[in-house]
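Residue-level listing of the chains:
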Amino acid sequence: MYLYLSIINTPTIMSTAPKPDFLLTKTIATIGPASVQTEILQQLIAQGVRIFRINFSHGTFDDHTIALKNIRAAEKESGEHIAVLGDLAGPKIRVGLVIDNGVYLEENDEIQFVTNQVLAGSKHHEHTFSTTFPKFLEEVKIGERILMDDGNIELECLGCQGDNGNLQLKCRVVVGGKITSAKGINLPDTELSVPSMTKKDFECVSFAVENGFDYLALSFVRDGEDVRMLKNELIRLNARPQEHIVTKDDLGFSEESEGLRNYMPIISKIEKPQAIDNLASIINETDAIMVARGDLGVEMDIAEVTVLQKKIIHMCHERGRPVIVATQMLESMIHAPVPTRAEVSDVANAIFDGADAVMLSGETAVGKYPVEAVKMMKRVAVKTNAFIQLNKLQSRTRFPQTDKEHLAVLADGVRTIVEGIQPKFIVIWTNWGGHAVHLSQQRTTIPLLAFNANKKRLRLLSLLYSITPVYLEEPQTGNEFVTQVDKIILENSWAEVGDPVVIVASYPIQKQSASQRIIVHYLGQPMKE
C-alpha cells in the first residue's frame, strides 16, 4: 500500500464555531398504519430516520408497494439518502384460531395441540389448540418448554401420541394466562428441523429485489448455513455476485458487486439460543447483525439479554460488522408522548455499547406518537454521543493482525490523524463504499462525509455509524474533489473558513487502488497545483 499524506495551506487563524449536528448513531423506524403516509414519513426523516423497515410479517405486497412509493417520495422531498430494510418473517410458529374471547389457562391445566385445524375454546375443543406449524408436535420432547404470547404463558411437554396424520401433543400449564388467535409459540429447548426460510420468505426476497429494497433481514437465524441459504437465493436473483460468497469486512462493498444494480446486504437477526452458540459463524457469513431482543428474551433467560447484547456487539466490532439494537427501546411511547427513564437509559446503553443503529418497532408502526418517538431517539443519541466524545469513550474495530487488509490499516491510520487534529469532518470519495465502511468502524465521533455518484451505495451507507452520504458527480482529479468539497461545506455553512478536514481518496481518484491519499485540508484555502 502506498500512502500519500499532505498538509494543505495551514492558516494562521482557526475557527471556534460549534460543529453542526450530523447524525452519528442512526435511527431505524418500522413502517405501519401510524407512519405510512408521506407527510409523516417526511417528519420522521426530518427528525433523524435514515432507514425504514418494512416488516413482511404484516400486510400484503400491495401494502408494501404503497409504503415503498411513499418512502421514496419523502426521500426525494427531504434530499436525504434513505435506505429501506425488508424484514423477512421466517418460520414463526403461531397458535391457530381461538374463540373471540380467548381461552384462559390455569396453572396445572392439561391442554393439547393437534395437527388438524380446530377452533380452540369451542365445544369439544375447550383446551385443544391448532398451530401454523404442526410438525413441531413430533419434534418437542418430554420435559421441554413451550412458551406462548412472548413467554407470558409456559407449558411443559408431557408427550405425544397418535400417528403422523393425527397427532396430539399433551402439555401441562406451568404459568397460565389468556390465549387468543395467532399468539406466537417459542420452543427454546427444541432443535427444530424447520428451514430458516419459508415459501413466503422466498416470495418476499423476489419482491424486495424487484422493487429495489436496500437491505434484507433474516429472522430466526441459527447458524451460518441459514445465512448461506439466503445468499444463494440472492445470487440466483443477481443481487449478489457469484464470486463473493464469503462476506468481507466492507459490507460487501467491493469491486465484484459494483455491476449489480440491486446488490443486497444481509442483516442476520440474533434471536435464538442456537444463534448464540453459533455466533462466530453467523457473523462471519453475514453483512450486518441485529440484536433482536424480543424473541431472544423469550427463548433465553431474560436476565441474560443485556449481557448477550454486549457480547454480540463486541464480537461484531472485532469482526468489522455493523450492528443494530432493536425491540422495545421506547415501548411505552406506543401509548404515551414521553418514554420512561428506564427506556431512555436503554437507548443510551446501546449507544455506549457501540451500536451503529437503534430501531423502533411498534412505536412508529402502530403507536400514537411516531414522530415524538423518533425525536426522542435522536435527542438521546446526540446527548450520549456528545458524552462519549467529551470523555473519549469511543470503541473501535481492531482486526487480528492476520486479517488486516490495506483498507483496515488505512482507516486505523486516519483515526490516529483525526485524534491529533480533531477536524470538523472526515471526508471520503468512495468508489464502491469499502473505504467508508472501514472508516465508520473506527468509531470516531467526527462526522464522516461519504461522497459518491451511486445513489444505491449512498442509501446503503446510511446505516453506518457517523456516515452522512452526499451525492457528487465523479471528479476528474483529486484536487478537483478537494475544491468541490471545500465549496459544498462552506456554502452549506457546515463549517467555517480555516476549519480542518481530513480527506481520504484513492490515487488516482477514479480507481479503487492500493495507493491512497490522505489530505489535511483547511477550508477556504486554495488548492496548490
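Parameters and conventions
Numbers given to residues run from 1 along each chain, matching the order in which its sequence is written. Totals for whole chains, interfaces and linings use every residue, but because this is a predicted model, local features are given only for residues with pLDDT of at least 70 and side-chain atom pairs only at 80 or more, for both listing and counting. Hydrogen atoms and water are omitted, and side-chain values are computed over all heavy atoms in the structure. Strands here are runs of E lasting at least two residues and helices are runs of H or I lasting at least four, both read from the DSSP assignment and numbered beginning at the N terminus. For each residue, the accessible area found with a 1.4 Å probe, counting protein chains only, is set against the maximum for its type, and the residue is called buried under 20%, exposed over 50%, and partly exposed in between. In these tables, accessible area is a Shrake-Rupley quantity obtained with a 1.4 Å probe, and a residue counts as shielded only by the protein chains included in the view. By this definition, two strands are paired if DSSP reports at least two bridges between them. With axes taken as lines fitted to C-alpha atoms, and helix axes fitted only over the stretch in contact, angles between N-to-C directions fall between 0 and 180 degrees. Any pair of residues with heavy atoms lying within 4.5 Å of one another is described as a contacting pair. Under the convention used throughout, the expected extent of a helix is 1.5 Å for every residue step, that is, one less than its residue count. None of His or the chain ends enter the tally, which takes Lys and Arg as positive and Asp and Glu as negative. The term salt bridge refers to a side-chain nitrogen of Lys or Arg lying within 4 Å of a carboxyl oxygen of Asp or Glu. Polar contact is defined as a pair of N or O atoms within 3.5 Å, subject to the rule that within protein one atom must be able to donate a hydrogen and the other to accept it, and that residues adjacent in sequence are counted only when both atoms are side-chain atoms. Residue types Ala, Val, Leu, Ile, Met, Phe, Trp, Tyr and Cys, when buried and joined through side-chain atoms within 4.5 Å, form a set referred to as a nonpolar core. In what follows, roughly perpendicular refers to angles from 65 to 115 degrees, roughly parallel to angles under 35, roughly antiparallel to angles over 145, and oblique to any angle outside these ranges. Helix crossings are classified by the rotation of the near helix relative to the far one: an anticlockwise turn of less than a right angle makes the crossing left-handed, while a clockwise turn makes it right-handed.

Moving on to the overall build of the chain. Looking only at helices and strands, the chain features 15 helices and 23 strands. Sorting the 529 residues of the chain into buried and exposed places 59% on the buried side. Accessible surface computed for the chain: about 22000 Å², of which carbon and sulfur atoms make up 51%.

Spatial ordering of the closed barrel is given by S2-S3-S4-S14-S15-S16-S17-S18, a layout of 8 strands whose pairing is parallel. Between one strand and the next, the sheet's axes are offset by a mean angle of 25°, whatever the strand orientation. The pairing of strand S2 (residues 26-30) with strand S3 (residues 49-55) spans 4 bridges and is parallel. Residue pairing for S3: Ile-28 is matched across the bridge by Ile-51. Its contacts with the sheet put helix H11 (residues 370-390) on S2, S3 and strand S18 (357-360), and the angle it makes with S18 is roughly 160°.

Another aspect to go through is helix H15 (residues 478-491). With 14 residues, H15 extends 20 Å from end C-alpha to end C-alpha; this agrees with the ideal 20 Å at 1.5 Å per step. Looking at H15, one finds that the buried residues are Asn-479, Phe-481, Val-482, Val-485, Asp-486, Ile-488 and Ile-489. Ser-493, located one to two residues past H15, shows a positive phi value of around 55°.

Take the environment of Ile-503 next. Considering the arrangement of structural elements, one finds Ile-503 in strand S22 (residues 500-506). Note: C-alpha distance between Ile-503 and Phe-425 (78 residues apart in sequence) is 8.4 Å. When sequence neighbours within four positions are dropped, the list of residues in contact with Ile-503 reads Val-427, Phe-481, Val-482, Arg-517, Ile-518, Ile-519 and His-521.

Our next topic: unusual backbone geometry. If you check the backbone angles, Asp-150 has positive phi at about 55° while not being a glycine. Assignment of secondary structure puts Asp-150 in the loop between strand S9 (145-148) and strand S10 (153-163). Phi angles above zero are rare outside glycine, and Phe-220 is one such case at about 55°. Looking at the element boundaries, Phe-220 is found in the loop between strand S14 (215-218) and helix H4 (224-236). A relative accessible area of 9% means that Phe-220 is categorised as buried.

As a further point, take the side chain of Glu-363. With respect to the element layout, Glu-363 can be found in helix H10 (residues 362-365). Look at Glu-363: it is buried, it has no salt bridge, and the nearest opposite charge is Arg-293 at 7.6 Å. A distance of 2.9 Å separates the side chain of Glu-363 from the backbone nitrogen of Leu-330, its partner in a polar contact. A distance of 2.7 Å separates a polar side-chain atom of Glu-363 from the backbone nitrogen of Ser-361.

Attention now moves to the nonpolar core. Counting 67 residues, the largest nonpolar core has Phe-52, Leu-88, Phe-213, Leu-216, Leu-230 and Leu-234 as the members making the most contacts within it. Leave out the neighbours within four places in its chain, and Phe-52 touches Ala-29, Ile-31, Leu-41, Leu-44, Ile-45, Ile-71, Ile-82, Ala-83, Val-84 and Leu-85. With 37 residues, the next largest nonpolar core counts Ala-83, Ala-357, Leu-460 and Val-502 among its residues.

The next subject is the sheet that holds strand S7 (residues 110-114). The 7 strands are arranged S5-S13-S9-S10-S11-S7-S8 in an open sheet whose pairing can be described as mixed. Lying at the two open borders of the sheet, with one neighbouring strand each, are strand S5 (93-94) and strand S8 (128-129). Strand direction decides the pairing type here: S10 and strand S11 (residues 166-175), joined by 9 bridges, are antiparallel. Directly across from Leu-155, in S11, lies its bridge partner Val-173.

All right, on to the pattern of salt bridges then. One pass over the full model with this rule turns up 25 salt bridges. One salt bridge connects Glu-139 with Lys-135, and the closest N-O pair in it is separated by 3.9 Å. You can call Glu-139 buried: its relative accessible area is 13%. Through salt bridges with shared partners, a single ionic network connects Arg-72, Glu-75, Asp-214, Lys-456 and Arg-459.

On to the packing of helix H2 (residues 61-78) against helix H3 (residues 199-210), then. Remark: H2 packs on H3, axes separated minimally by 12 Å, with the N-to-C direction vectors making an angle of 30°. As far as their axial angle goes, H3 and H2 are roughly parallel. Crossing of H2 against H3: the hand is right-handed. Across the interface between the two elements, Phe-61, His-64 and Thr-65 of H2 pack against Glu-203, Cys-204 and Phe-207 of H3.

Quick look at the pairing of S18 now. Going residue by residue along S18, you find Ala-357 and Met-359 tucked away on one face and Val-358 and Leu-360 tucked away on the opposite face as well. For S2 and S18, the ladder comprises 4 bridges, and the chain directions are parallel. Across the sheet, Thr-27 pairs through a bridge with Val-358, a residue of S18. The pairing of strand S17 (residues 323-326) with S18 spans 2 bridges and is classified as parallel. Bridge pairing in S18 links Ile-324 to Ala-357.

A few words on the side chain of Asp-295. Inspection of the secondary structure assignment puts Asp-295 in helix H7 (residues 293-299). In this structure the side chain of Asp-295 is engaged in a polar contact, spanning 2.9 Å, whose partner is the side chain of Asn-186. Among residues more than four places away in sequence, those in contact with Asp-295 are Lys-92, Asn-186, Phe-220 and Glu-271.

Nothing here speaks to function; it is all geometry.
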